[in-house]
Amino acid sequence: VGLAADVGTLARLPKIVGNDSIVRELALTARDCPAEEAKSFGLVSRVLPSQEEAVREAQKVAQQIAVLSPVAIVGTKKNLNFARDHTVAESLDYVKTWNACMLQTQDFSKALAASLKREKPAFSKL
C-alpha cells in the first residue's frame, strides 16, 4: 500500500518474536510466512492440519479460559501487554498495584472459598 506497517506491528513484532532478522525480512519483503515457519520462530504456538481442527482447538482453549475468573483473565492480559513494553521492575510494580486492587473483588473471595471446599468456583460475568 506504500506505507510502513502501522498499529504497532513494527514496534511489537520484534519483541514478540525475539528475532530482529526475521522480522526485518518479513517486513521489508512483505512475503507470506508459512505456518510452520511462523511456529519455528514463536509467532504461533502450534500448527494444526486443518481449519476445522484449528477451530475445534480454539474453542477448546476458549472453554478452558471461560470458566476462569473474568477479573483474573483481564488482569493477566493487561499485565502481559504491559510487561511486553516495560522493564521487569516496572512490570512487577504494575502487577503489584493491579493485584492489590483485585483483592477487593468477589472473584478472589469466591476462588478462595471454593479452594477451601475443594470445589470449582462459579464466577460472575463482567
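Note: the structure precedes this text.
From a predicted model like this one, the values you see are computed outputs, not experimental measurements.

I'm lost on the overall build of the protein in this one. Help?
Scanning the protein for helices and strands turns up 7 helices and 0 strands. For the protein, the sequential pattern of α-helices and β-strands runs α-α-α-α-α-α-α. In terms of principal-axis extent, the alpha carbons of the protein reach across some 55 × 40 × 25 Å. Going through the 126 residues of the protein one by one, you find that 12% of them count as buried. Sequence-distant contacts, at least 24 apart, represent 33% of the contacts inside the protein between residues at least 6 apart. When the accessible area of the protein is evaluated, it comes to approximately 9,900 Å², of which 59% is carbon and sulfur surface.

What exactly am I supposed to notice about the nonpolar core here?
Grouped burial of nonpolar side chains is what soluble globular proteins tend to show. The biggest cluster of nonpolar side chains holds 5 residues, and these are V17, I22, V23, L26 and F41. Per element, the largest residue contribution to this core is 3 residues, and it comes from helix 2 (residues 20–29). When residues no more than four places from it in sequence are discounted, the contact partners of V17 are I22, V23, F41 and L43.

How should I be thinking about the packing of aromatic side chains in this particular structure?
A ring pair, where both rings are aromatic, is described by two values, the distance of the centres and the angle of the planes. Counted under the stated rule, the structure contains 2 aromatic pairs. Considering the side-chain rings of F82 and Y94, the 3.9 Å spacing of their centres and the 5 degrees angle between planes classify their relative orientation as stacked. Within this pair, whereas F82 is found in helix 5 (residues 70–84), its partner Y94 is found in helix 6 (residues 88–102), the two being separated by 12 residues in sequence. Three or more aromatic residues joined by ring pairs make a cluster, and in this case those are F82, Y94 and W98.

What counts and how
Residues numbered from 1 in each chain as written. Predicted model: local features only at pLDDT ≥ 70, side-chain atom pairs only at ≥ 80, totals over all residues. Heavy atoms only, no water. Helix = DSSP H or I, 4+ residues; strand = E, 2+ residues; numbered from the N terminus. Buried < 20%, exposed > 50% of the residue type's maximum accessible area, 1.4 Å probe, protein only. Contact = heavy atoms within 4.5 Å. Areas by Shrake-Rupley, 256 points an atom, 1.4 Å probe, with all protein chains shown as cover. Core = buried A, V, L, I, M, F, W, Y, C linked by side-chain atoms within 4.5 Å. Phe/Tyr/Trp six-rings, centres within 6.5 Å; stacked < 30°, edge-to-face > 60°.

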